[in-house]
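# Chain and residue survey
Chain by chain, the residues run as shown.
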Amino acid sequence: MICRILCGYCNMTIDLRRKTLAELADPFDSFYISFYKGLGSIAGAMLMGDSKFCQEARVWLTRFGGNLYTKLPYTALGWAAYKKKTKTNEFEVYLKKMQRVTQRMTTEIPSFSDLVTFDPPIPETNMLHVYFKESAEACEAARDEVYDSLGYKIFSRIRESIPVSDPRNKDGGYQAYLEWTMGEANGSIDDDIFVEAWKQFIECLFRRQSSS
């Protein structure tokens, strides 16, 4: 099992926050710190585990062509991003904003939950999954209408198919999903704009339903 420490830390209880990194990681076989998800650095991650695990991981890293000539750029930029994010407490700021915005969207936008579902319903990190009961094509068309109207693009990439292992695939009705992260690129946007943009998005989807 792999645990992503940084993104979940800001939502831990006070008792958990008092634990050392070694204590937090102890229940897991391995864990990693992503250099780009959350930290916003360039691609790459730091994978950690016991000596035997790391030796085997290095073999597979070579097999997959990941043994770079130098890892200095990844190390330096990852460390700089880590110091910046932890000093300014950005993980917690973006988590609170994500919780605030999604709560408003689900309660203030009429029939929002008929077409869109958040997983988890209450965000535990600054990233969550968004599931749609409309096709990716319909969602992209509605997104473009919102962009033409407000000048804000509520998402960039949406996935057409839901993994077979995902329970929502079996429940039926869900046709597309995406990962939504609150961070530097969108964290300064006012909450009201998020709510209005998604409100228009839902309205566009319902209009397309009624006209089809």
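Residues numbered from 1 in each chain as written. Predicted model: local features only at pLDDT ≥ 70, side-chain atom pairs only at ≥ 80, totals over all residues. Heavy atoms only, no water.

### Considering the environment of leucine 115
Basically, it comes down to this: The helix and strand labels rest on DSSP assignments: H or I over at least four residues marks a helix, E over at least two residues marks a strand, and numbering proceeds from the N terminus. What makes two residues a contact is simply this: any of their non-hydrogen atoms within 4.5 Å.
Here leucine 115 lies in helix α7 (residues 112-115). A C-alpha to C-alpha distance of 7.5 Å links leucine 115 and isoleucine 202, two positions 87 residues apart in sequence. Not counting residues up to four positions away in its chain, the partners in contact with leucine 115 are Tyr131, Phe132, Lys133, Glu134, Ile202, Leu205, Phe206 and Gln209.

### Observations regarding the pattern of salt bridges
Close approach of charged atoms allows side chains with opposite charge to pair. Heads up, the condition is: Definition used for salt bridges: Asp or Glu carboxyl oxygen within 4 Å of a side-chain nitrogen of Lys or Arg. Burial status follows relative accessibility: with a 1.4 Å probe on protein chains alone, a residue under 20% of its type maximum counts as buried, one over 50% as exposed, and anything between as partly exposed.
Inspection of every chain in the model, using the stated rule, returns ten salt bridges. Close ionic contact of arginine 100 with aspartate 191 constitutes a salt bridge, the shortest N to O distance being 2.5 Å. With arginine 100 in helix α6 (residues 90-108) and aspartate 191 in helix α10 (residues 191-211), the pair connects residues that are 91 residues apart, well separated along the chain. For arginine 100, a relative accessible area of 39% puts it in the partly exposed group. According to the relative accessible area criterion, aspartate 191 is buried, its value standing at 11%. Its salt-bridge partner being glutamate 145, residue arginine 208 comes within 3.0 Å of it at the nearest N-O pair. Of this pair, arginine 208 sits in helix α10 while glutamate 145 sits in helix α8 (residues 136-150), placing them 63 residues apart in sequence.

### Description of the nonpolar core
Selection criterion: Definition of nonpolar core: a set of buried residues of the types Ala, Val, Leu, Ile, Met, Phe, Trp, Tyr and Cys, connected through side-chain atoms within 4.5 Å.
Of all hydrophobic cores here, the largest spans 33 residues; its most connected members are Met105, Val130, Phe132, Trp180, Trp198 and Phe201. Those elements that provide at least two residues to this core are α6, α7, β4 (116-119), β5 (127-132), α8, β6 (176-181) and α10. Ranked by residues supplied to this core, first place goes to α10 with eight residues. Residues contacting tryptophan 180, with those up to four places away along its chain left out, are Met98, Val101, Thr102, Met105, Phe118, Asn126, Met127, Leu128, Val130, Asn186, Phe194 and Trp198. Ile33, Phe35, Leu39 and Ala81 belong to the second-largest nonpolar core, a separate cluster that totals five residues.

### Remarks on the sheet that holds β6
Our working definition: Here, any two strands with at least 2 DSSP bridges between them count as paired. Orientation is described by axes fitted as lines to C-alpha atoms, over the contacting stretch for helices, and by angles from 0 to 180 degrees between their N-to-C directions.
Spatially, β4-β5-β6 is the arrangement adopted by the three strands of the open sheet, whose pairing is antiparallel. Both outer strands of the open sheet, β4 and β6, are each paired with one neighbouring strand and no more. Between one strand axis and the next, the sheet turns through 25° on average, direction left out of account. With four bridges joining them, β4 and β5 adopt antiparallel strand pairing. Within the sheet, the bridge partner assigned to threonine 117 lies in β5 and is tyrosine 131. Along the sheet, α10 makes contact with β4, β5 and β6, crossing β5 at roughly 20°.

### Examining helix α5 (residues 72-88)
Heads up, the condition is: Under the convention used throughout, the expected extent of a helix is 1.5 Å for every residue step, that is, one less than its residue count. Taken from the helix axis, the directions to the C-beta atoms give the arc we talk about.
Helix length check: α5 (17 residues) gives 24 Å between terminal C-alpha atoms against 24 Å at 1.5 Å per residue, within 8%. Inspection of α5 places Gly78, Ala81 and Lys85 among the buried residues, and these make up the whole buried set. The arc that holds every buried residue of α5, seen down its axis, measures 70°, which confines them to one face. Exposed residues pointing more than 90 degrees away from the buried face of α5 are listed as Leu72, Trp79 and Lys87. Against α6 lie the buried residues of α5. Positioned one or two residues after α5, asparagine 89 has a phi angle of 60°, which is positive.

### Here's the deal with the layout of surface pockets
As a reminder, the rule being used: In this analysis a 1.4 Å probe is tested at points of a 1 Å grid over the protein atoms alone, and where it fits but cannot get out there is a cavity; an open set with protein on both sides within 12 Å along at least five of seven lines is a pocket; lining residues have an atom within 4 Å of a point. Grid points are joined across faces, edges and corners, and a volume is the space filled by probe spheres set on the points. Any residue outside Ala, Val, Leu, Ile, Met, Phe, Trp, Tyr, Cys, Pro, Asp, Glu, Lys and Arg is labelled polar, Gly included; the first ten of those are nonpolar and the last four are charged.
Each pocket or cavity is described by its volume, and for the largest pocket that value is around 780 Å³. Surrounding the largest pocket, 30 residues form its lining, Glu179, Trp180, Thr181, Met182 and Asn186 being those nearest its centre. When residues of the lining of the largest pocket are traced back to their parent elements, those giving at least two are β6 and α10. Residues that form the lining of the largest pocket fall into these classes: 15 nonpolar, seven polar and eight charged.

### Topic: unusual backbone geometry
Residues apart from glycine generally show negative phi values, whereas peptide bonds are mostly found in trans. Residue proline 120 is reached from aspartate 119 by a cis peptide bond, and omega for that bond is 0°. For proline 120, the position within the fold is in the loop between β4 and β5.

### Describing the side chain of lysine 97
Tracing the chain through its elements places lysine 97 in helix α6. For lysine 97, the contacting residues outside a window of four places in its chain are Met182, Asn186, Gly187, Ile189, Asp190, Asp191 and Phe194.

Coordinates in, geometry out; function isn't part of it.
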